[in-house]
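Observations on the three-dimensional arrangement
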Amino acid sequence: AQSVTQPDARVTVSEGASLQLRCKYSYFGTPYLFWYVQYPRQGLQLLLKYYPGDPVVQGVNGFEAEFSKSNSSFHLRKASVHWSDWAVYFCAVSMDTGGLSGKLTFGEGTQVTVIS
Amino acid sequence: EAAVTQSPRSKVAVTGGKVTLSCHQTNNHDYMYWYRQDTGHGLRLIHYSYVADSTEKGDIPDGYKASRPSQENFSLILELASLSQTAVYFCASSDAGTVNTEVFFGKGTRLTVV
């Protein structure tokens, strides 16, 4: 069965500094991967999604992620963090081949705290 | 903007009581889902539906029933609520059979069982 692991439960970063959030997946076949963000008391919002092709994916608000098949990873990064990036970030993999539905397996999430 | 609306947003239920969580989407999506989020954990799939009047079990269906009376509405039912079902519940919807489809989530329902 597929699984997603986010090894960092919490990350603290200074405003303006760079950010990297780690995601490791386990999936037999070609994974369709996602990063979602959850702001306080809100639902999840899609940051970016990966499907087979360019390993670097651009998302909203300056986020990008890099897929590595050899490392089974899909790490998220941002060059310069803003205070509004204070949120919980989830990595997810589609349960369906081709990502044809919203049946997702989520990681545990990483809480990002931004300090001035 | 795709919209998924959940009601209520917050609820306190008594152990052994019946709880119904409602979800309404205006996205014209065929697929709908119920996820559960526990503190410090990711979301886990409870039930989902591909079409009205049909539901499927997800990864953690025990203790939950689902109902899809129309394309727009999808309910999650706890017949006998238990303390272990205290969590935040998210409803979501997505297109049918679209490669790498995007999922749209509601804002969640915080359920506390006492």
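Quantities reported herein were computed from a predicted structural model and do not represent experimental measurements. (Residues numbered from 1 in each chain as written. Chains lettered and ligands numbered in written order. Predicted model: local features only at pLDDT ≥ 70, side-chain atom pairs only at ≥ 80, totals over all residues. Heavy atoms only, no water.)

So, about the overall build of chain B. Looking only at helices and strands, one finds zero helices and 11 strands in chain B. Tracing chain B from N to C terminus, the helices and strands come up as β-β-β-β-β-β-β-β-β-β-β. Against the 2.2 N^0.38 benchmark of 13 Å for 114 residues, chain B shows a C-alpha radius of gyration of 13 Å, consistent with a compact globule. Once the C-alpha set of chain B is aligned to its principal axes, its extents read approximately 40 × 30 × 25 Å. Taken over 114 residues, chain B has a buried fraction of 47%. Restricting the contact set of chain B to residue pairs at least 6 apart, pairs at least 24 apart contribute 54%. Summing over all exposed atoms, chain B offers an accessible surface of approximately 5200 Å²; the carbon and sulfur share of this is 50%. Here chain B contributes 10 positively and 11 negatively charged side chains, and the mean placements of these two sets differ by 11 Å. (Helix = DSSP H or I, 4+ residues; strand = E, 2+ residues; numbered from the N terminus. Rg over C-alpha atoms; globule rule 2.2 N^0.38 Å. Buried < 20%, exposed > 50% of the residue type's maximum accessible area, 1.4 Å probe, protein only. Contact = heavy atoms within 4.5 Å. Areas by Shrake-Rupley, 256 points an atom, 1.4 Å probe, with all protein chains shown as cover. Lys, Arg positive; Asp, Glu negative; His and termini not counted. Charge placed at Lys NZ, Arg CZ, Asp CG, Glu CD.)

Further remarks concern a nonpolar patch on the surface. Residues and elements named next belong to chain B. Together, V12, V14 and V114 make up an exposed nonpolar region whose accessible area comes to about 290 Å². Following the sequence through the fold, V114 ends up in the segment after β11 (109-113). A relative accessible area of 53% means that V114 is categorised as exposed. (Patch = residues over 30% accessible without salt bridge, like charges linked within 9 Å, V, L, I, M, F, W, Y side chains within 5 Å. Salt bridge = Lys/Arg side-chain N within 4 Å of Asp/Glu carboxyl O.)

Moving on: the pairing of strand β8 (residues 63-68) of chain A. All names here are of chain A. Extensive coverage of β8 is indicated by the burial of five of its six residues. In the sheet, strand β7 (residues 56-58) pairs with β8 via three bridges, with the strands oriented antiparallel. In the sheet register, V56 faces β8, and the bridge partner there is E66. Turn length for the β7-β8 hairpin, with the two strands adjacent in sequence and antiparallel, is four residues, and the turn residue N61 shows positive phi of about 55°. Note that β8 and strand β9 (residues 73-78) share six bridges and pair antiparallel. Counterpart to S68 in the pairing with β9 is S73. Remark: four residues form the turn of the hairpin made by β8 and β9, two consecutive strands paired antiparallel; S72 in that turn has positive phi of roughly 50°. (Pairing = 2+ DSSP bridges.)

Next up on the list: the nonpolar core. Grouped together as the largest cluster of nonpolar side chains are 28 residues, with contacts concentrated most on W35, L48, F74, L76 and Y89 of chain A. Those elements giving two or more residues to this core turn out to be β2 (10-14), β3 (19-21), β5 (33-38), β6 (44-50), β8, β9, β10 (87-94) and β12 (110-115) of chain A. With four residues, the top contributor of residues to this core is β10 of chain A. The contact partners of F74 of chain A, leaving out residues within four places of it in the chain, are C23, L33, F34, W35, L48, Y50, A65, E66, F67 and C91 of chain A. If you look at the next biggest cluster of nonpolar residues, it comprises 22 residues, including V88 and M95 of chain A together with Y31 and L43 of chain B. (Core = buried A, V, L, I, M, F, W, Y, C linked by side-chain atoms within 4.5 Å.)

Glancing now at the environment of T15 of chain B. All names here are of chain B. With respect to the element layout, T15 can be found in the loop between β2 (10-13) and β3 (19-25). C-alpha separation for the pair T15 and V114, spaced 99 residues apart in sequence, amounts to 5.8 Å. Not counting the four nearest positions on each side in its chain, T15 is found in contact with A81, S82, L83, V113 and V114. Among the polar contacts made by the side chain of T15, one reaches the main-chain carbonyl oxygen of V114 at a distance of 2.7 Å. (Polar contact = N/O pair within 3.5 Å; in protein donor to acceptor, adjacent residues only side chain to side chain.)

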